[in-house]
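Structural overview
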Amino acid sequence: MSKTIDIDEQRRIRQILDGKHGEYAYFVGRYSQQVLDFVSRMVGDASDAEELAQDTFVKAFRSLASFGFQSSFATWLCRIAYHEALNHLRRQHPHTIDIDDMPIADGEDEAEECDARIDLLEETIGLLPPDEQQLLHLYYYEDRPLREIAYIMDVEQGALATRLHRIRKKLMTMMKQKEHERTE
């Protein structure tokens with residue numbers, strides 16, 4: 001988890017805890033889009049994501065006394081958002097997509113073939129469970145360190161590294177299977 005703690009944010013949190021609740025608007029303004037984007041990647045539905053983002057800020061406000069300044073506020077907020085989204089997804093019926101229905105363009109030259117493999121990778125990632133998609137996004141797209149992701153997802157760093165390795169193997173298997181099916 002990130003040890004970068006913003007001094008201004010520390011001051012604001014202390015003021016909120018001392019009863020100046022209006023200071024919380026700063027955090028909502030600063031992090032609302034980040035939390036919304038984070039949750040949207042997991043749940044997909046815009047209205048659900050907006051509701052979960054709001055729930056995240058309410059839960060964070062209620063739990064502010066337990067923050068403890070052990071991570072950045074943004075990381076702590078993402079941890080809450082992650083668990084809110086997971087709980088929401090557990091209550092939903094799982095959506096399945098048939099990998100056989102995914103089209104892939106045949107590449108005539110190397111650039112087209114590379115583009116087709118990237119498209120296949122992105123589509124295959126879309127077939128993974130939301131928590132696996134989120135892990136890949138945090139690690140590869142946001143370039144967050146494993147220790148921070150482990151904190152957000154509330155798992156041990158070593159277990160997370162193993163999980164990331166297994167997800168990569170799973171993606172390779174799924175992609176090879178799809179490529180094999182296309183050539184038959």
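Relevant structure appears above.
Predicted model, so just to flag it, every value in this text is computed and none were measured. In this convention, every chain numbers its residues from 1, walking through the sequence in written order. pLDDT decides what is reported in this predicted model: residues at 70 or higher carry local features, side-chain atom pairs at 80 or more are listed and counted, and totals for whole chains, interfaces and linings draw on all residues regardless. Hydrogens and water are ignored here; the side-chain numbers use all heavy atoms of the structure.

Observations regarding the overall build of the protein chain
- The number of helices and strands found in the protein chain is 8 helices and 0 strands.
- Numbering of helices and strands starts at the N terminus; helices are DSSP runs of H or I of at least 4 residues and strands are runs of E of at least 2. Secondary structure elements of the protein chain, listed N to C terminal, follow the sequence α-α-α-α-α-α-α-α.
- We call a residue buried when its accessible area falls under 20% of the maximum for its residue type, exposed when it is over 50%, and partly exposed in between, using a 1.4 Å probe and counting protein chains only. Per-residue burial over the protein chain gives 37% buried out of 184 residues.
- The contact criterion used is simple: two residues touch if any of their non-hydrogen atoms lie within 4.5 Å. Looking at the protein chain alone, contacts between residues at least 24 apart form 67% of all its contacts between residues at least 6 apart.
- Method for areas: the Shrake-Rupley scheme with a 1.4 Å probe, in which residue coverage is limited to the protein chains shown. Looking at the protein chain as shown, the accessible area adds up to about 11100 Å², and 49% of this sits on carbon and sulfur atoms.

Re the packing of helix H3 (residues 46-62) against helix H4 (residues 73-91)
- Direction vectors running N to C along H3 and H4 enclose 130°, while the axes themselves pass 9 Å from each other. Overall, the two elements H3 and H4 adopt an arrangement that is oblique. Considering the relative orientation of H3 and H4, their crossing is right-handed. In this structure, H3 contributes Asp48, Leu52, Asp55, Thr56, Phe57, Lys59 and Ala60 to the contact, and H4 contributes Trp76, Leu77, Ile80, Ala81, Glu84, Ala85 and His88.
- Under the grouping applied here, Gly and all other residues not named as nonpolar or charged are polar, the nonpolar ones being Ala, Val, Leu, Ile, Met, Phe, Trp, Tyr, Cys and Pro and the charged ones Asp, Glu, Lys and Arg. Tallied by class, residues from the contact of H3 with H4 come to 8 nonpolar, 2 polar and 4 charged. Between N-to-C directions, angles cover 0 to 180 degrees, with each direction set by a line fitted to C-alpha atoms, over the stretch in contact for helices. Relative orientations are named as follows: roughly parallel for angles under 35 degrees, roughly antiparallel for angles over 145 degrees, roughly perpendicular for angles from 65 to 115 degrees, and oblique for any other angle. Crossings are sorted by hand: turned counterclockwise from the far helix by less than a right angle, the near helix makes the crossing left-handed, and turned clockwise it makes it right-handed.

Examining the pattern of salt bridges
- Put simply, a salt bridge is a Lys or Arg side-chain nitrogen that is within 4 Å of an Asp or Glu carboxyl oxygen. All chains considered together, the criterion is met by 11 salt bridges.
- Residue Lys59 is joined to Glu84 by a salt bridge in which the shortest nitrogen-to-oxygen separation is 3.4 Å. Here Glu84 lies in helix H4 and Lys59 lies in helix H3, a separation of 25 residues in the sequence.
- Among the residues examined, Glu84 registers a relative accessible area of 14% and is labelled buried.

Digging into the packing of H4 against helix H7 (residues 146-153)
- The N-to-C vectors of H4 and H7 enclose an angle of 50°; their axes lie 7 Å apart at closest approach. One element, H4, and the other, H7, form an angle in the oblique class. Between H4 and H7, the residues in contact are Thr75, Trp76, Cys78, Arg79, Tyr82 and His83 and Glu148, Tyr151, Ile152 and Met153, respectively.

Observations regarding the packing of aromatic side chains
- Two rings from Phe, Tyr or Trp (for Trp, the six-membered ring) form a pair when their centres sit within 6.5 Å of each other. Planes less than 30 degrees apart are called stacked, planes more than 60 degrees apart edge-to-face, and all others tilted. For the structure on display, the rule yields 10 aromatic pairs.
- Ring centres 6.1 Å apart and planes at 45° place the aromatic pair Tyr24 and Phe27 in the tilted group. Taken as a pair, Tyr24 and Phe27 lie in helix H2 (residues 24-43) at a separation of 3 residues, close to a single helical turn.
- Given a relative accessible area of 0%, Phe27 falls into the buried group.
- Geometrically, the ring pair formed by Phe67 and Phe69 is edge-to-face, given 5.0 Å between the ring centres and 65° between the ring planes. Neither Phe67 nor Phe69 differs from the other in exposure class; each is buried.
- What links up through ring pairs into an aromatic cluster is the set Tyr24, Tyr26, Phe27, Tyr31, Phe61, Phe67, Phe69, Phe73 and Trp76.

Things to note about the environment of Asn87
- Relative to the elements of secondary structure, Asn87 occurs in helix H4.
- Classification of Asn87 by relative accessible area gives partly exposed; the value is 32%.
- Asn87 sits 35 residues away from Leu52 along the chain, and the two C-alpha atoms are 10.0 Å apart.

With respect to H7
- In terms of burial, H7 is largely enclosed, as 7 of its 8 residues are buried.
- Along H7, the residues that are buried comprise Leu146, Glu148, Ile149, Ala150, Tyr151, Ile152 and Met153.
- Packing partners of the buried residues in H7 comprise H2, H4, helix H6 (130-141) and helix H8 (157-183).
- A positive backbone phi angle near 60° is found at Asp154, which sits one or two residues after H7.

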